[in-house]
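# Tertiary structure, described
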Amino acid sequence: MRDKTGSRNAGFDRRAFMAGAAGSALIPMTARAVAEGAQPPTARDPTLPVDVTLRVNGQDKRLHIDARTTVLDALREHLGLTGSKKGCDHGQCGACTVLIGERRVVSCLTLALAAEGQEITTIEGLATGDRLHPMQQAFVDNDAFQCGYCTPGQIISAIACVKEGHAGSDADIREYMSGNICRCAAYPNIVAAVKQAAPEIMKG
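The following refers to the structure shown.

About the cut-offs
- Residues numbered from 1 in each chain as written.
- Predicted model: local features only at pLDDT ≥ 70, side-chain atom pairs only at ≥ 80, totals over all residues.
- Heavy atoms only, no water.
- Patch = residues over 30% accessible without salt bridge, like charges linked within 9 Å, V, L, I, M, F, W, Y side chains within 5 Å.
- Areas by Shrake-Rupley, 256 points an atom, 1.4 Å probe, with all protein chains shown as cover.
- Salt bridge = Lys/Arg side-chain N within 4 Å of Asp/Glu carboxyl O.
- Helix = DSSP H or I, 4+ residues; strand = E, 2+ residues; numbered from the N terminus.
- Buried < 20%, exposed > 50% of the residue type's maximum accessible area, 1.4 Å probe, protein only.
- Pairing = 2+ DSSP bridges.
- Polar contact = N/O pair within 3.5 Å; in protein donor to acceptor, adjacent residues only side chain to side chain.
- Contact = heavy atoms within 4.5 Å.

Where nonpolar side chains cluster on the molecular surface, the patch consists of L132, V140 and F145 and spans about 220 Å² of accessible area. Mapped onto the elements, V140 comes out in helix α3 (residues 134-141). A residue is classified by how much of its surface remains accessible, and V140, at 45% relative accessible area, is partly exposed.

Take a look at the structure:
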């Protein structure tokens, strides 16, 4: 084969070039045929119940629940621990607050599956026999509740507030307890209760 100048092109083999191009074109078709022949893995039906073990107040609880079940519903509907209250169910009122590890969370927005393997502490797990937790006792002493609906979440959140180091002043307590709403407006008494319990909690 000659170029426009009439000289022969060195090193170019038209037949070899065409054969190579045809071979490379077949590769993706072959790969596609293999992929089409393989059976895809079967996806698990997300509507089926799942097994989960929750550690609640020091005890392992085995449950067979919908994968979408929240910690709050697992506690109330499956374990009979109704201390944590369902208020707004949108994570805005704090009535459902529990501790997961050392962290306070709104249990209405936390999936039970996400809490597996972690320690969950509810209001039912605070007292030791007939002896109230210092924060529970402080709420009683300071009349820091009226209707009592928000109280379990308030107490759990107050314990975390102290352990996080945010109980040094009235302003700090109000700020770091602001996620827990009291519709009876017992806020001054709640602040007083947190201040009373803080030294004993930190000492323990």
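So that's the structure; there's more coming.
It is worth spelling out the pairing of strand β3 (residues 97-100) at this point. Taking every second residue as pointing to the same face, both faces of β3 are buried, with T97 and L99 on one and V98 and I100 on the other. Relative to strand β4 (residues 103-106), β3 runs antiparallel, the two being bridged by four bridges. Looking at the pairing, V98 lines up with V105 of β4. Connecting the antiparallel pair β3 and β4 is a turn made up of two residues, with G101 showing a positive phi of about 70°.

Take Q154: it is sitting in helix α4 (residues 151-163). At 3.4 Å, the side chain of Q154 and the backbone oxygen of N180 are in polar contact. For Q154, the contacting residues outside a window of four places in its chain are F139, M177, N180, I181, C182 and I190.

In this section: the pattern of salt bridges. For the structure shown, the criterion picks out eight salt bridges. Note that D66 is salt-bridged to R68, the shortest N-O span being 2.7 Å. Judged by its relative accessible area of 25%, D66 is partly exposed. On the basis of relative accessible area, R68 is assigned to the exposed category, the value being 58%. With its nearest N and O atoms 3.1 Å apart, the salt bridge here joins D170 to K195. In this pair, D170 sits in helix α5 (residues 170-176) while K195 sits in helix α6 (residues 187-203), placing the two residues 25 residues apart along the sequence. By relative accessible area, D170 is classed as partly exposed at 31%. Residues joined in a network through salt bridges with shared partners are R55, D60 and E119.

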